[in-house]
Amino acid sequence: MTSPTPPGPGSVALITGGTGGFGRALTTKLRDRGVTVVAADLDTERNRAVAQELGASFVALDVADRAANEAVVAQVEAEHGRLDAAYLNAGISAAKSDDALDLDEFMRVVEIDLFGVVYGVQAARPAIARAGGGAIVVTASLAGLSPMATDPGYSVAKGGAIAFVRSMAPRLTRDGITITAICPGFADTAIIDRIRHEFEAASFPVIPAAEVADAMVMAWTDGEPGAAYVIQPGVGTVPYRFKGVPSAKTPTGETAVVPEALRPPSMR
């Protein structure tokens with residue numbers, strides 16, 4: 001296997017949710033390095049105009065459509081010859097936060113924020129492997145590590161995305177692909193617009209989108225397989241340290257050994 005292409009001239013990156021806050025900031029960072037960027041988003045005049053303004057190619061994509069993810073990756077390879085990194089960044093949150101649980105909205109959030117990641121990984125994996133390896137970076141959230149009572153669907157989806165990243169990391173490593181999760185706290189994007197006034201009233205700092213984009217670039221260049229990087233104002237970007245669960249014990253009190261077939265490759 002050849003060495004993965006680093007971010008720079010000759011490398012190609014796909015960004016889902018590519019015309020939103022993080023997508024715009026990330027495109028700017030990658031374009032400054034000479035990366036060819038393909039912004040994937042819902043097909044609107046506004047999104048096409050944003051991509052053109054940023055100097056990125058645009059492809060229409062509903063990430064909740066499994067076949068559409070595969071078609072977009074095939075289009076990227078056909079037009080640009082390769083795919084080195086996939087940023088699975090598209091996401092939504094619930095529109096309201098009252099005590100009633102709107103199951104239709106819950107499922108829509110999970111469909112986009114979790115299954116959009118699953119479909120994106122499945123589609124991008126073979127293409128990135130054909131390029132000799134690279135990176136998949138998932139935009140999760142601090143809500144995936146510390147669930148929000150105001151948005152259970154978002155918390156479930158982001159928590160699931162982090163678990164998926166950790167579970168898939170050993171498999172993707174065999175293909176020369178590093179998969180990581182980015183877990184920002186409250187950031188300056190449209191997703192907080194409906195509650196932005198509350199942050200302002202409390203003088204609560206939000207993270208600039210450019211700071212999150214820096215972490216996304218770092219995840220491509222130096223990410224650790226399966227890592228979840230927390231980003232908080234005044235703290236910076238730090239890897240989250242997951243606590244282990246208690247080990248099983250034998251009847252004699254010794255630590256039980258997990259059967260080899262059930263261990264991830266990294267533990268064999």
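Residues numbered from 1 in each chain as written. Predicted model: local features only at pLDDT ≥ 70, side-chain atom pairs only at ≥ 80, totals over all residues. Heavy atoms only, no water.

**Quick look at the sheet that holds strand β5 (residues 134–139)**
Across a sheet, strands are paired by hydrogen bonds formed along the backbone, either parallel or antiparallel in direction. Pairing within the open sheet is mixed, and its eight strands lie in the order β3-β2-β1-β4-β5-β6-β7-β8. A strand with exactly one partner marks an edge of an open sheet, and here the two such strands are β3 (57–60) and β8 (236–239). This sheet shows a mean twist of 20 degrees between the axes of neighbouring strands, independent of strand direction. Alignment of strand β1 (residues 12–16) against strand β2 (residues 36–41), held across five bridges, turns out to be parallel. Pairing of I15 across the sheet is with A39, part of β2. Strands β1, β2 and β3 of the sheet are contacted by helix α3 (residues 66–80), whose axis makes an angle of about 150 degrees with β1. (Pairing = 2+ DSSP bridges. Helix = DSSP H or I, 4+ residues; strand = E, 2+ residues; numbered from the N terminus. Axes fitted to C-alpha atoms, helices over the stretch in contact; angles between N-to-C directions. Contact = heavy atoms within 4.5 Å.)

**Section: the pairing of β2**
Here is the key point about a regular strand: its side chains alternate between the two faces of the sheet. With five of six residues buried, β2 lies mostly within the body of the structure. As defined by bridge partners, β2 adjoins β3 across four bridges and the pair is classed as parallel. Paired with A40 across the two strands is V59, which belongs to β3. Crossover β2 to β3 through helix α2 (residues 45–54) is right-handed. (Buried < 20%, exposed > 50% of the residue type's maximum accessible area, 1.4 Å probe, protein only. Right-handed = clockwise from strand over helix to strand, strands pointing away.)

**Let's talk about helix α4 (residues 103–130)**
For α4, which comprises 28 residues, the first-to-last C-alpha distance of 40 Å matches the rise-based estimate of 40 Å (1.5 Å per residue) to within 8%. Looking at where α4 begins, the residue whose side-chain oxygen comes 3.1 Å from the main-chain nitrogen of D104 is D102. Where α4 terminates, the next one or two residues include G132, which has phi positive at roughly 95 degrees. (Expected span 1.5 Å × (residues − 1). Polar contact = N/O pair within 3.5 Å; in protein donor to acceptor, adjacent residues only side chain to side chain.)

In short, shape yes, function no, at least from these values alone.
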